[in-house]
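Listed below, chain by chain, are the residues.
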Amino acid sequence: MNTVLAGWERLCEGSAVARFIDINLRGIGQVMFQDNPLTGALFLLAVAWGSIAGGVPAVVIGGVVAVMVATLTAQWLHVDPKALRAGLYGYNGVLVGLALPTFLAPGPMLWVYVVLGAAVSVVAMLAIANAVKPWGVSALTFPFVLITWLLLLASYGFGAIEGTGLPQGGVVGVAVPIESNPLHLIDFLGSALHSISQVFLKGSAVTAILLVAGLAVSSIPAALFAVLGALIAVVFAHLFGAESDLITGGLLGFSPVLTAIALGSVFYSPSPRVVAYAVLGTIFTVVVQAALNTALIPFAIPTLTAPFVIASWLFLLPRQYFEPTGSSDGAA
Amino acid sequence: MNTVLAGWERLCEGSAVARFIDINLRGIGQVMFQDNPLTGALFLLAVAWGSIAGGVPAVVIGGVVAVMVATLTAQWLHVDPKALRAGLYGYNGVLVGLALPTFLAPGPMLWVYVVLGAAVSVVAMLAIANAVKPWGVSALTFPFVLITWLLLLASYGFGAIEGTGLPQGGVVGVAVPIESNPLHLIDFLGSALHSISQVFLKGSAVTAILLVAGLAVSSIPAALFAVLGALIAVVFAHLFGAESDLITGGLLGFSPVLTAIALGSVFYSPSPRVVAYAVLGTIFTVVVQAALNTALIPFAIPTLTAPFVIASWLFLLPRQYFEPTGSSDGAA
Amino acid sequence: MNTVLAGWERLCEGSAVARFIDINLRGIGQVMFQDNPLTGALFLLAVAWGSIAGGVPAVVIGGVVAVMVATLTAQWLHVDPKALRAGLYGYNGVLVGLALPTFLAPGPMLWVYVVLGAAVSVVAMLAIANAVKPWGVSALTFPFVLITWLLLLASYGFGAIEGTGLPQGGVVGVAVPIESNPLHLIDFLGSALHSISQVFLKGSAVTAILLVAGLAVSSIPAALFAVLGALIAVVFAHLFGAESDLITGGLLGFSPVLTAIALGSVFYSPSPRVVAYAVLGTIFTVVVQAALNTALIPFAIPTLTAPFVIASWLFLLPRQYFEPTGSSDGAA
């Protein structure tokens, strides 16, 4: 693996085209925090499978177009070259490009939306990374969430863009009985796999396996925390009596998967205490996911990865208490 | 009083059990900013009365369980010992533990919720205290508000947790005629007392008197500002023509009570100008309370103490203009 | 022009009354970022025309009362004298004073609201300016937006204040067909002018022309960017298929106008790259305006200038990438 990557890196040093491809692949890999072009290639394969098998090729095309627009925008804005090469200006773009064709009907204005959203995702990344810098946390996928929410909300006011895949709006608390059935083992495994693939907005076991493979070539701990996060999410969502269709579709698990990777791999010295903390954060992400599912009902838009962002910021802000160098002057 | 407290402190120095009790009592006292175990004991008595007389003992049990879980979580996270001993990691937990049984139906999963919420309230306290540190303001009860909102919103998606005490969701502006009757003197006094007791989610005159006593043993000005805040809230809510039932239930006054204590006791040198500023902030908290009552209608959750947090942050951020050492390089 | 202004400045140095008038006029000018009393006078004339011609003199009276209350409050709070003289504590007040009589029915409590809102707008200005100082951006009109939103939301709970001009609440996504007709050239010009005048909550071509004149006497680039912003907004709103009535009323264009002035005049060295960036930000403001139109449906309140604030903060936070002295240590 390392020989392949080293050869590829030499190629990139000599070829602007290869470098451009490399940056975009790393951008795709950064959706799950991996600065690795092979991971990005496997993720792209995973998304292409889910998109084409699901009969919506526009989704993967949107993702590819958007990540390239984002990279070009970042170059135009003269961003820090090191961060650019690590794919840090691409991962929000690729998610915008996957999300818009997932929720909006095809048409020429959809592609104007994809290009505009991808370009502005870079501005949002620069803005939010600046905004959170004083706290030593990173922007996570909040730029993607913010820009996509704005574009989807705006679609309700634009006749040229139709939100065919958007959730139905409504009033919270008007009784909708929850269908919570006992989970069989086979549902359980499927639910966990779909929780992983829904990080890229797809419910597909093949996609999930390719994503885990993509994580594993870059970081075994990341792959393990992804699987752990999915299992925790399915168990606790079921325990809380959540709607079975949401669980088996992976729709309560994708944010916990991301939280588990983020909390599990960001701390300096893994320890039982750190694992317990990451597990607590992952469980709480299930609550945040269910909470945002409710809170967004009046707005008729999906949560995207906002539950992951909220829970991870909450659990990452106090990380000084887990770091060897952290001084103990705390909250008060 | 001081002799009793000094004796108790000596006992705590020699006994881990007494120290643990002390920390939890101070945590209860910090709900109204008092680092004093006797205040905490009186507050606990006030809540126990309101809870048991109201036929919902689960509320005070929830509060006691939660404050202890919060303290243990804080110890596990190795927080700053001085802040821990002052009860700063307990007050959000006790409020979470009082609120959940107030709004949710009894049952085993309610207690999972109480323990989870109390533990995460400490993480939220560390996170938010870190987040607001650059501005020199404190976290106030925002950790409680945030975690409880998330847990309550999530309950709409969880079949195992039932929100029997939650408000009805609806659409803002669909005409609900406001019943605003002239207040008699007796209503006026009851309204003011209920405004104080609703800080602990109870409408009870006995609870209110015990709370004021608890404040007075620690700080006479705090007790005076609490009463002043309650009176201002009732007068202005009535002047604005608010619903009489909300006024007499104390539901428009608990946030102004907290604002009055916070603004009245945080400034260095009390002066007519400071008192006028605190009064302005207290009046505006009535507006913020009514505003959040409206804004949360679509979400079918209660405001909790969010109006106090918003108004107090707004009025505390410019506090440099009231401090002798404050340099005059201001806003622009 | 400069001779007139120099003579006026000499007058102000000798007369407290003239200075007070000067500060208030500059406050009105700062609504569009101009520290210039003549601009303020022309803006006041523009608003007076729109208000009186529209049959709602209470609007301009509210604006005048509010800007004076704001200035007096700022003096009472001992704010920085330089910022005070530049009108930085007046522009939020004048907007509060214009907005409240626009959306609420006349009556004695409306004027209590105007005075309270204007006074608290200064506290909010100090608070938010403090809050955003670490990022080197300014408070923009967020104090106005925040305080007015709170006052309008609260009006639904107050029987003594009636929201006759507030939008109807509803559920997002319940089909409302969008009426998007081809724009004729005459509509196009009217739409652009109304986009400018709606910055002061009026749809009036005369008001718009007076506002552009007011900008031009202070800054030709600001006037040009205002017109450019209006044209971009109308073209792109139409391209996206927005409701024609909203476009011709200027209701999708006032935030883009403000974004265009803010982004176009804040950067050190104008260049084609800066203009392209400002144009991108202005286009995106149209999306943010449509998004907030949707997002506020459940709350039954108007967006005010929130879309401008959100889009401008997003595009101003990364401004280091456009400044000669900006170091390149960026986001990551």
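Residues numbered from 1 in each chain as written. Chains lettered and ligands numbered in written order. Predicted model: local features only at pLDDT ≥ 70, side-chain atom pairs only at ≥ 80, totals over all residues. Heavy atoms only, no water.

J.: Explain the overall build of chain A here, please?
T.: Looking only at helices and strands, one finds 15 helices and zero strands in chain A. If one aligns the C-alpha atoms of chain A with their principal axes, the spans along those axes are about 60 × 55 × 45 Å. Sorting the 332 residues of chain A into buried and exposed places 60% on the buried side. Long-range contacts, defined here as pairs at least 24 residues apart, represent 73% of the contacts in chain A between residues at least 6 apart. (Helix = DSSP H or I, 4+ residues; strand = E, 2+ residues; numbered from the N terminus. Buried < 20%, exposed > 50% of the residue type's maximum accessible area, 1.4 Å probe, protein only. Contact = heavy atoms within 4.5 Å.)

J.: Please clarify how the environment of Leu296(B) should be interpreted in this entry.
T.: All names here are of chain B. As for its placement among the helices and strands, Leu-296 is situated in the loop between α14 (272–295) and α15 (306–316). By relative accessible area, Leu-296 is classed as buried at 10%. Here the alpha-carbon distance between Leu-296 and Gly-27, two residues 269 residues apart in the chain, equals 28 Å.

J.: Even after reading the chapter, I still don't get the relation of the copies chain A and chain C, so can you show me in this structure?
T.: One copy of the chain maps onto the other through a rotation about an axis followed by a shift along the same axis. Least-squares fitting of chain A to chain C yields an RMSD of 0.0 Å, with the superposition described by an axial translation of 0.0 Å and a rotation of 120°. Viewed as a symmetry operation, the transformation between the two copies matches a three-fold axis. Within chain A, Pro298(A) has its C-alpha nearest the rotation axis, a separation of 3.7 Å. When the interface residues of chain A are mapped onto chain C, a mere 10% of them again fall at the interface, so the copies present different faces. (Least-squares fit on C-alpha atoms with pLDDT ≥ 70 in both.)

J.: Would you mind showing me how to read the environment of Ala278(B) here?
T.: All names here are of chain B. For Ala-278, the location among the structural elements is in helix α14. Its relative accessible area of 2% is what places Ala-278 among the buried residues. In the structure, Ala-278 is positioned 97 residues away from Asn-181 in sequence and 28 Å away in space, judged by C-alpha atoms. Setting aside chain neighbours within four positions, we find Ala-278 in contact with Phe-225, Leu-263 and Gly-264.

J.: Would you explain helix α11 (residues 220–239) of chain B in this entry?
T.: Helical geometry: 3.6 residues make up each α-helical turn, so side chains three or four residues apart lie on a common side. Residues and elements named next belong to chain B. Taking 1.5 Å of rise per residue, 20 residues should cover 28 Å, and α11 covers 29 Å from first to last C-alpha, within 8% of that figure. Those residues of α11 that sit buried are Ala-222, Ala-223, Phe-225, Ala-226, Gly-229, Ala-230, Ile-232, Ala-233, Val-234 and Ala-237. Its side-chain oxygen 3.0 Å from the backbone nitrogen of Ala-222, Ser-219 forms the N-cap of α11. Where α11 terminates, the next one or two residues include Gly-241, which has phi positive at roughly 80°. (Expected span 1.5 Å × (residues − 1). Polar contact = N/O pair within 3.5 Å; in protein donor to acceptor, adjacent residues only side chain to side chain.)

J.: What is the right way to read the nonpolar core from this model?
T.: Within soluble globular proteins, side chains that are nonpolar tend to cluster in buried spots. In terms of nonpolar packing, the biggest core is built from 364 residues, with Phe284(A), Phe284(B) and Phe284(C) touching the most fellow members. Among residues more than four places away in sequence, those in contact with Phe284(B) are Leu314(B), Phe315(B), Leu116(C), Val120(C), Ile147(C), Leu150(C) and Leu151(C). (Core = buried A, V, L, I, M, F, W, Y, C linked by side-chain atoms within 4.5 Å.)

J.: Which parts of the structure should I look at to understand unusual backbone geometry?
T.: Glycine aside, residues mostly have negative phi angles, and peptide bonds mostly take the trans form. Positioned with a positive phi, Leu140(B) is a non-glycine residue whose angle comes to about 50°. By secondary structure assignment, the location of Leu140(B) is in the loop between α7 (108–132) and α8 (142–155). By relative accessible area, Leu140(B) is classed as buried at 5%. In the Ramachandran plot, Phe33(C) falls in the positive-phi region, its phi being about 70° despite a non-glycine side chain.

J.: Teacher, can you tell me more about the interface of chain A and chain C here?
T.: Often, the extent of an interface is quoted as the loss of accessible area upon association of its parts. On the side of chain C, 37 residues touch chain A, which itself brings 42 residues to the contact. Buried area between chain A and chain C, both sides added, is near 3500 Å², and the carbon and sulfur share of it is 77%. Looking only at chain A, the three residues that lose the most surface to chain C are Trp76(A), Leu150(A) and Phe158(A), adding up to 17% of its buried area. Applying the counting rule to chain A against chain C returns zero salt bridges. (Buried area = accessible area lost by both parts, 1.4 Å probe. Salt bridge = Lys/Arg side-chain N within 4 Å of Asp/Glu carboxyl O.)

J.: I keep staring at the packing of aromatic side chains and nothing clicks. Help me out?
T.: How two aromatic rings sit relative to each other is set out by the distance from centre to centre and by the angle between their planes. Tallied over the entire structure, the rule returns 27 aromatic pairs over all chains. Ring centres of Tyr113(A) and Phe240(C) lie 5.9 Å apart, and the angle between their planes is 80°; on these two criteria the pair is classed as edge-to-face. With Tyr113(A) in helix α7 (residues 108–132) and Phe240(C) in the loop between α11 (220–239) and α12 (244–248), the pair connects residues from two separate chains. On the accessibility criterion, Tyr113(A) (0% relative accessible area) is buried. Looking at Phe240(C), the relative accessible area reads 0%, which means it is buried. On the basis of an interplanar angle of 50° and a centroid distance of 5.9 Å, the ring pair of Trp135(A) and Trp135(B) is categorised as tilted. One end of the pair, Trp135(A), is in the loop between α7 and α8 (142–155); the other, Trp135(B), is in the loop between α7 and α8, on a second chain. (Phe/Tyr/Trp six-rings, centres within 6.5 Å; stacked < 30°, edge-to-face > 60°.)

J.: Explanation requested: the relation of the copies chain A and chain B in the structure shown.
T.: For these two chains of identical sequence, chain A goes onto chain B by a turn of 120° and a shift of 0.0 Å along the axis, with RMSD 0.0 Å. In this assembly, only 11% of the residues forming the interface of chain A have copies in chain B that are likewise at the interface, indicating a heterologous arrangement.

J.: Explanation requested: helix α9 (residues 185–197) of chain B in the structure shown.
T.: Counted at 1.5 Å a residue, the expected span for α9(B) with its 13 residues is 18 Å, and the 19 Å between its end C-alpha atoms agrees. Listing the buried residues of α9(B) in full gives Ser191(B), Ala192(B), Ser195(B), Ile196(B) and Ser197(B).

J.: Would you mind showing me how to read the packing of helix α4 (residues 57–76) of chain B against α7(B) here?
T.: The relative placement of two packed helices is expressed as an angle between their axes plus a distance between the axes. Residue and element names in this part refer to chain B. Direction vectors running N to C along α4 and α7 enclose 40°, while the axes themselves pass 8 Å from each other. Judged on the interaxial angle alone, α7 and α4 are oblique. Every pair of crossing elements has a handedness; the one defined by α4 and α7 is right-handed. Listed contacts from α7 to Ala-58, Ile-61, Gly-62, Val-65, Ala-66, Val-69, Ala-70, Thr-73 and Ala-74 of α4 are Trp-111, Val-114, Val-115, Ala-118, Ala-119, Ser-121 and Val-122. (Axes fitted to C-alpha atoms, helices over the stretch in contact; angles between N-to-C directions. Parallel < 35°, antiparallel > 145°, perpendicular 65-115°, else oblique. Left-handed = near helix turned anticlockwise from the far one by under 90°.)

J.: Would you mind going over the interface of chain A and chain B with me for this structure?
T.: Of the residues lining the interface, 37 residues belong to chain A; the matching set on chain B comes to 41 residues. Between chain A and chain B, roughly 3500 Å² of surface is buried when both sides are summed, and carbon and sulfur atoms account for 77% of that area. Run the count over chain A and chain B and you get zero salt bridges. Where chain A meets chain B, there are nine residue pairs in polar contact (both at pLDDT 80 or more). Counting only elements with at least two residues in the side of chain A that touches chain B, the list comes to α14 (272–295) and α15 (306–316) of chain A. At 13 residues, the largest contribution of residues to the side of chain A that touches chain B is made by α14(A). Here the side of chain A that touches chain B is composed, by residue class, of 28 nonpolar, six polar and three charged. (Nonpolar A, V, L, I, M, F, W, Y, C, P; charged D, E, K, R; others polar.)

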